[in-house]
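# Residue-level structural notes
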Amino acid sequence: MRPPAQPRLPRPGPTPHVPVQEERGRTTVTPPAPRQQPAREPVPTERARRWLPVRQRPEDSRPAGPGFLERLAERTRAQRRLAWRKVLLAVGVLVTVGALAWALLASPLLALDVEQVTVSGAGEGTTVPVEAVMDVVMRHEGVPLTRLDTAGLTEQVGAITTVRSVDVSRSWPRGLSVQVTARVPVAAATAEEGLVLLDVDGVVVGSVAEPPDGLPRVTVPLSGERAGQTLEAVLAVLAQLPAELRAEVATAGATNPASITLELTDGARVLWGDVAESELKAAVLAVVRERPAAVYDVTVPRSPTLSD
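Small disclaimer: the values here were computed from a predicted structure and weren't measured. (Residues numbered from 1 in each chain as written. Predicted model: local features only at pLDDT ≥ 70, side-chain atom pairs only at ≥ 80, totals over all residues. Heavy atoms only, no water.)

### Re the overall build of the protein chain
Of the regular secondary structure elements, the protein chain holds 7 helices and 14 strands. A buried classification covers 27% of the 308 residues belonging to the protein chain. About 22000 Å² of surface is accessible on the protein chain, with carbon and sulfur atoms providing 56% of the total. (Helix = DSSP H or I, 4+ residues; strand = E, 2+ residues; numbered from the N terminus. Buried < 20%, exposed > 50% of the residue type's maximum accessible area, 1.4 Å probe, protein only. Areas by Shrake-Rupley, 256 points an atom, 1.4 Å probe, with all protein chains shown as cover.)

Given below as structure tokens:
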């Protein structure tokens, strides 16, 4: 515990002036009036100090002035302007996206123009007429390139009988590039409708009255259990022959896929066998043809035989 505080003693001050009254025969001294000490407020104890109310600062009790109201109004206006900016920004984004979507998906800016379509690999000298390809492309005229189904268009052009393969690509802003690979006839065959031209896959790519020069004629039975396999094997052999050697083949026939026989324009026969090692057989036949013979047997290309 702290010791009690010592009472404060008044500091000695200057000696007060003592008035002196002089009377006849005696002198009277008047004592000065006692000095009034200022009243002191009682010092509250520590326990009482806990429960004293907190005095409110003078500035807290003052009412809000005009400056505060102006700042509050300015803050409200700033918040309102920020909200409007956000609304305008959102509207601008929506308008921009909508305009861009319309330009790409619905406007005529990117619409397909058939005059800007290029077709290669078709036309004169091929089995694919350009008109047949353009008839398919014109079905999509006016469709924006961004919405054009190139895969579907490729399938539609590929459905043309004489087209072996096709590649369709966009040519911005309004065109197309169509690259066609036409089927090439490798033989002629007799069918119900007459003499037809066949490619390596056995697909009919045309019909003729007489076999074209340099194009062999296939004599394969079109009915039977293995007729399709036999025809496919003969056409595969003809497709692998060099152009010079194929021009010397008059007919090519077989009764089954393993007994392919070629008849040459000079009357000689070539026993080919099956389609195995056709490239080697063609090379060996080109060598042995330097010697005249009636029959050339290249069924075993590493041991060819010739006979009269």
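### Structural notes on the pattern of salt bridges
Counted according to the given criterion, the structure contains 11 salt bridges. Close ionic contact of Asp 274 with Lys 281 constitutes a salt bridge, the shortest N to O distance being 3.4 Å. The exposure class assigned to Asp 274 is partly exposed, which follows from its relative accessible area of 34%. (Salt bridge = Lys/Arg side-chain N within 4 Å of Asp/Glu carboxyl O.)

### Here we look at helix 4 (residues 150-158)
Of all the residues in helix 4, the buried ones are Thr 150, Gly 152, Leu 153 and Val 157. Along the long axis of helix 4, the arc covered by the buried residues comes to 155°, so they all point the same way. Across from the buried face of helix 4, at angles greater than 90 degrees, the exposed residues are Ala 151 and Glu 155. Of the surrounding secondary structure, the elements contacted by the buried residues of helix 4 are helix 3 (130-137), strand 4 (163-171) and strand 5 (175-182). (Arc of directions from axis to C-beta. Contact = heavy atoms within 4.5 Å.)

### Focus: the pairing of strand 7 (residues 194-198)
Here is the key point about a regular strand: its side chains alternate between the two faces of the sheet. Counting buried positions along strand 7 gives 4 out of 5 residues, so the element sits mostly inside the fold. Across 5 bridges, the pairing between strand 6 (residues 187-191) and strand 7 is antiparallel. Bridge pairing in strand 7 links Ala 188 to Leu 197. Hairpin connection between strand 6 and strand 7: a loop of 2 residues separates the two successive antiparallel strands. Pairing geometry for strand 7 and strand 8 (residues 204-208), over 4 bridges, is antiparallel. Bridging across to strand 8, Leu 195 finds its partner in Val 208. (Pairing = 2+ DSSP bridges.)

### A look at the sheet that holds strand 8
With mixed pairing, the 9 strands of this open sheet are ordered in space as 8-7-6-9-10-11-12-13-14. Of all the strands in the sheet, just strand 8 and strand 14 (305-307) have a single pairing partner and so form its edges. Neighbouring strand axes in the sheet, compared pairwise and without regard to direction, differ in orientation by 25° on average. The sheet contacts of helix 5 (residues 227-240) involve strand 6, strand 7, strand 9 (217-219), strand 10 (249-254), strand 11 (260-264) and strand 12 (269-273), and relative to strand 10 the element is tilted by about 150°. (Axes fitted to C-alpha atoms, helices over the stretch in contact; angles between N-to-C directions.)

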